[in-house]
Amino acid sequence: MTKTGLPDGIRACLFDLDGVLTKTAVVHAAAWKQTFDDFLRRRDGDGFRPFDSVADYDEYVDGRPRADGVRAFLASRDIELPEGAADDPPDRDTVHGLGNRKNVLLLEKIRKDGVEAYPGSVRYVESVRAAGLRTAVVSSSANCRDVLIAVGMDKLFEVRIDGVVAAERRLPGKPHPDTFLEAAHELGVEEGAAAVFEDALAGMDAGRAGHFGYVVGVDRVGQADALRAHGADIVVQDLAELLEEDA
């Protein structure tokens, strides 16, 4: 292992955003819960079965593009909605309408409460850059760029493949490996020489499917076993642990 806690031969680090670099996963979960609970209450009445912001979030929406998350969760409840259009208003009960409602709520929560980066993640990204490794951020979020700027991390990444770029390039989202593969390609690195850093089960699946050289699971919510089962080579609670292991 190198001083960055990675195997020899790793030349690039591909980081997820929410839950890995920034403390936004819990905000996403809250926005999803409000979106789905409001919809289910309208549909089923006060006796509706609520969205579980841990189990349902981890299984169906975490790490996925918004529309994919809506489809996956609704399918788990045997609910079908019209697809609608990408610009559907947030009060429309379509796949895209619910996704847009979630994004409105997310931005409201971020504006109200702000957003922070994990100090250990900032330290780790700075360390891998100092060690000469290439860096990219790979996120399904369409708000990735604004969040990075808000926490002062936008200059730490050479490449950004986010929800906006993925849509422009028609790249399928996680659990497909395409966004990570695109980031490695832009950095000029083969997938076997790149490490993936993810907190989402869908992200683990993408790392495994893409045959990346190393997959780091970041466990912020007590799902270490699930991260390993989905392909993590190592699980840490904070990225700084990778530096401490070699200290």
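Coordinates for the structure precede this section.
Counting restarts for each chain, with residues numbered from 1 along the sequence as it is written. The predicted nature of this model means local features are confined to residues of pLDDT at least 70 and side-chain atom pairs, given and counted, to a pLDDT of 80 or more, with totals for whole chains, interfaces and linings taken over all residues. Side-chain descriptors were evaluated using all non-hydrogen atoms of the structure, hydrogens and water having been removed beforehand.

S.K.: Just checking my understanding: could you explain the pairing of strand S4 (residues 194-198) for this structure?
M.R.: Two faces belong to every sheet, and in a regular strand the side chains alternate between them. For every residue, the accessible area (1.4 Å probe, protein chains only) is compared with the maximum for its type, and the residue is labelled buried under 20%, exposed over 50%, or partly exposed between those bounds. Secondary structure elements are taken from DSSP: a helix is a run of H or I of four residues or more, a strand is a run of E of two residues or more, and numbering for both begins at the N terminus. Extensive coverage of S4 is indicated by the burial of five of its five residues. Neither face of S4 is left uncovered, since the one carrying Ala194, Val196 and Glu198 and the one carrying Ala195 and Phe197 both have all their residues buried. Strands are labelled as partners when DSSP assigns at least two bridges between them. With four bridges connecting them, strand S1 (residues 12-15) and S4 associate as parallel partners. Looking at S4, one finds that Ala12 is bridged to Ala194. Where S4 meets strand S5 (residues 214-218), four bridges bridge the pair, whose relative direction is parallel. The partner of Val196 across the bridge, within S5, is Val215. Regarding topology, helix H9 (residues 201-209) serves as the crossover connection from S4 to the parallel S5, and that connection is right-handed. Whether a crossover is right-handed depends on one test, that the path from the first strand over the helix to the second runs clockwise when the strands point away from the viewer.

S.K.: Got a minute to help me understand the sheet that holds strand S3 (residues 159-161) in this structure?
M.R.: The strands making up a sheet associate through hydrogen bonds between their backbones, and the pairing can be parallel or antiparallel. Spatially, six strands are ordered S3-S2-S1-S4-S5-S6 in an open sheet, and the strand pairing comes out parallel. The two strands at the open ends of the sheet, each matched to only one other strand, are S3 and strand S6 (234-236). Neighbouring strand axes in the sheet, compared pairwise and without regard to direction, differ in orientation by 20° on average. Taken together, the four bridges between S1 and strand S2 (residues 134-138) define a ladder with parallel strand orientation. Pairing of Cys13 across the sheet is with Thr135, part of S2. Each of S1, S2 and S4 touches helix H5 (residues 119-130); the most contacted strand, S1, lies at about 155° to it. Only heavy atoms matter for contacts: two residues are in contact if any of them lie within 4.5 Å across the pair. Angles run from 0 to 180 degrees between N-to-C directions of axes, and those axes are lines fitted to C-alpha atoms, restricted for helices to the stretch in contact. Sheet strands in contact with H9 are S4 and S5, and its direction is about 175° off that of S5.

S.K.: Just to check I follow, could you spell out the packing of aromatic side chains for this structure?
M.R.: The description of an aromatic ring pair uses the distance of the two centres, along with the angle that the planes make with each other. Stacked, edge-to-face and tilted are the three classes for Phe, Tyr and Trp ring pairs, Trp counted by its six-membered ring, which pair at centre distances within 6.5 Å; planes under 30 degrees apart are stacked, over 60 edge-to-face, the rest tilted. Inspection of the entire model under this criterion finds ten aromatic pairs. On the numbers, 4.4 Å between centres and 20° between planes, the contact of Phe15 with Phe197 is stacked. Remark: Phe197 occurs in strand S4 and Phe15 occurs in strand S1; sequence separation between them is 182 residues. Like Phe15, the residue Phe197 is buried in the burial classification. With a centroid separation of 5.2 Å and an interplanar angle of 10°, the aromatic rings of Trp32 and Phe36 are classed as stacked. In this pair, Trp32 and Phe36 are both assigned in helix H1 (residues 25-44), four residues apart and thus about one turn of the helix distant. This pair shows no difference in class: Trp32 is buried, exactly as Phe36 is. Ring-pair connections join several aromatic residues into one group, and the members of that group are Trp32, Phe36, Phe51, Tyr60 and Phe73. Over the aromatic face of Tyr118 sits the side chain of Arg220, whose NZ or CZ is 3.5 Å from the ring centroid. Here, a charge over a ring means that NZ of Lys or CZ of Arg falls within 6 Å of the ring centre while also lying within 35 degrees of the ring normal.

S.K.: Which parts of the structure should I look at to understand unusual backbone geometry?
M.R.: Negative phi values dominate among residues other than glycine, just as trans dominates among peptide bonds. Cis peptide bonds are those with omega within 30 degrees of zero, and the linkage from Lys174 to Pro175 qualifies with 15°. When you line up the elements, Pro175 lands in the loop between helix H7 (163-169) and helix H8 (178-187). Even without a glycine there, the phi angle at Arg170 is positive, about 55°. Examined against the element boundaries, Arg170 turns out to sit in the loop between H7 and H8. Positioned with a positive phi, His211 is a non-glycine residue whose angle comes to about 55°. With respect to the helices and strands, His211 occurs in the loop between H9 and S5. On the basis of relative accessibility, which here comes to 63%, the residue His211 falls in the exposed class.

Distances and angles like these do not, on their own, reveal function.
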